Amino acid sequence: MKVHPDEFAMAREYSSTHDFEHLDPEQIHQVMVRGRELHKWYRAHTLLQRRHQPLAIGSIFAADWFVLIALARWFVAAVPGIWALILAAIFTGTVHSWLVYSLTIYSLHEGAAHNLIFFPARAA
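The rules behind the values
- Residues numbered from 1 in each chain as written.
- Predicted model: local features only at pLDDT ≥ 70, side-chain atom pairs only at ≥ 80, totals over all residues.
- Heavy atoms only, no water.
- Helix = DSSP H or I, 4+ residues; strand = E, 2+ residues; numbered from the N terminus.
- Buried < 20%, exposed > 50% of the residue type's maximum accessible area, 1.4 Å probe, protein only.
- Contact = heavy atoms within 4.5 Å.
- Areas by Shrake-Rupley, 256 points an atom, 1.4 Å probe, with all protein chains shown as cover.
- Lys, Arg positive; Asp, Glu negative; His and termini not counted.
- Charge placed at Lys NZ, Arg CZ, Asp CG, Glu CD.
- Axes fitted to C-alpha atoms, helices over the stretch in contact; angles between N-to-C directions.
- Parallel < 35°, antiparallel > 145°, perpendicular 65-115°, else oblique.
- Nonpolar A, V, L, I, M, F, W, Y, C, P; charged D, E, K, R; others polar.
- Patch = residues over 30% accessible without salt bridge, like charges linked within 9 Å, V, L, I, M, F, W, Y side chains within 5 Å.
- Salt bridge = Lys/Arg side-chain N within 4 Å of Asp/Glu carboxyl O.
- pLDDT = per-residue confidence, 0-100.
- Expected span 1.5 Å × (residues − 1).
- Polar contact = N/O pair within 3.5 Å; in protein donor to acceptor, adjacent residues only side chain to side chain.

Colleague: A description of the overall build of the protein chain should follow, citing residues and the corresponding values.
Modeller: Broken down by element type, the protein chain carries 4 helices and 0 strands. Listed by position from the N terminus, the elements making up the protein chain come as α-α-α-α. Projected onto its principal axes, the C-alpha coordinates of the protein chain cover approximately 65 × 50 × 35 Å. Sorting the 124 residues of the protein chain into buried and exposed places 12% on the buried side. In the protein chain, the share of contacts with a sequence separation of at least 24, taken over all contacts with a separation of at least 6, comes to 59%. About 10800 Å² of surface is accessible on the protein chain, with carbon and sulfur atoms providing 68% of the total. When the 10 basic and 10 acidic side-chain charges of the protein chain are each reduced to a single mean position, those positions are 18 Å apart.

In structure tokens, the structure reads:
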């Protein structure tokens, strides 16, 4: 990581001249109460969560199929010549990479959220 001391100094100077608006205890309490309500709702609707996960993963795979097969075929058929092939390769490669990245991040998120990747520490 490249450290820029002059930017840190500018940030410190800026933050010292501007007040940060803190939450008062009542606002913190309201956030905690609402968070608990949402967590209870989430725990009560596990079937919805079980349906949501395959749908999200299936949608990513369907979009990937569409980009790699259907859209590439359309590019090549719509624009004659080598430029269609180059354009199709660039576009489909870019979108495919983004979809695979999204699938990886989603998988890591779900795995970490359900303690499938990072196991909680055990008491000794």
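This is not the end of the story, as more comes after the structure.
Colleague: Go over the packing of helix 3 (residues 46-78) against helix 4 (residues 82-113), please, and point to the residues and values.
Modeller: Between helix 3 and helix 4, whose axes approach to 8 Å, the crossing angle comes to 170°. The angle between helix 3 and helix 4 falls in the class roughly antiparallel. A breakdown of the residues in the contact of helix 3 with helix 4 according to their chemical character gives 20 nonpolar, 6 polar and 2 charged.

Colleague: Let's hear about a nonpolar patch on the surface: which residues, and what values?
Modeller: On the surface, a cluster of nonpolar side chains totalling about 640 Å² of accessible area is made up of Val76, Ile82, Trp83, Leu85, Ile86 and Ile90. Of the residues forming the nonpolar patch, the biggest block, 5 residues, is contributed by helix 4. Counting through the fold element by element, Ile82 comes out in helix 4.

Colleague: Run through the confidence of the model for the protein chain, naming residues and quoting values.
Modeller: Chain-level statistics for the protein chain give a pLDDT mean of 84 and a share of 91% at 70 or above. Taken element by element, the predicted model of the protein chain shows its lowest mean pLDDT in helix 3 (85) and its highest in helix 2 (residues 25-44) (92).

Colleague: Explain helix 2 residue by residue, including any values.
Modeller: The terminal C-alpha atoms of helix 2 lie 29 Å apart, and with 20 residues this matches the ideal 28 Å at 1.5 Å per residue to within 8%. With a side-chain oxygen positioned 3.1 Å from the backbone nitrogen of Glu26, the residue opening helix 2 is Asp24.

Colleague: Now, about the packing of helix 2 against helix 3: what can you tell me, with residues and values included?
Modeller: Viewed as axis vectors pointing N to C, helix 2 and helix 3 meet at an angle of 75°, and their least axial separation amounts to 5 Å. Judged by the inter-axis angle, helix 2 sits roughly perpendicular to helix 3. Note on element contacts: helix 3 touches helix 2 through Thr46, Leu48 and Gln49, opposite Trp41, Tyr42, Arg43 and Ala44. The residue inventory of the contact of helix 2 with helix 3, partitioned by class, reads 4 nonpolar, 2 polar and 1 charged.

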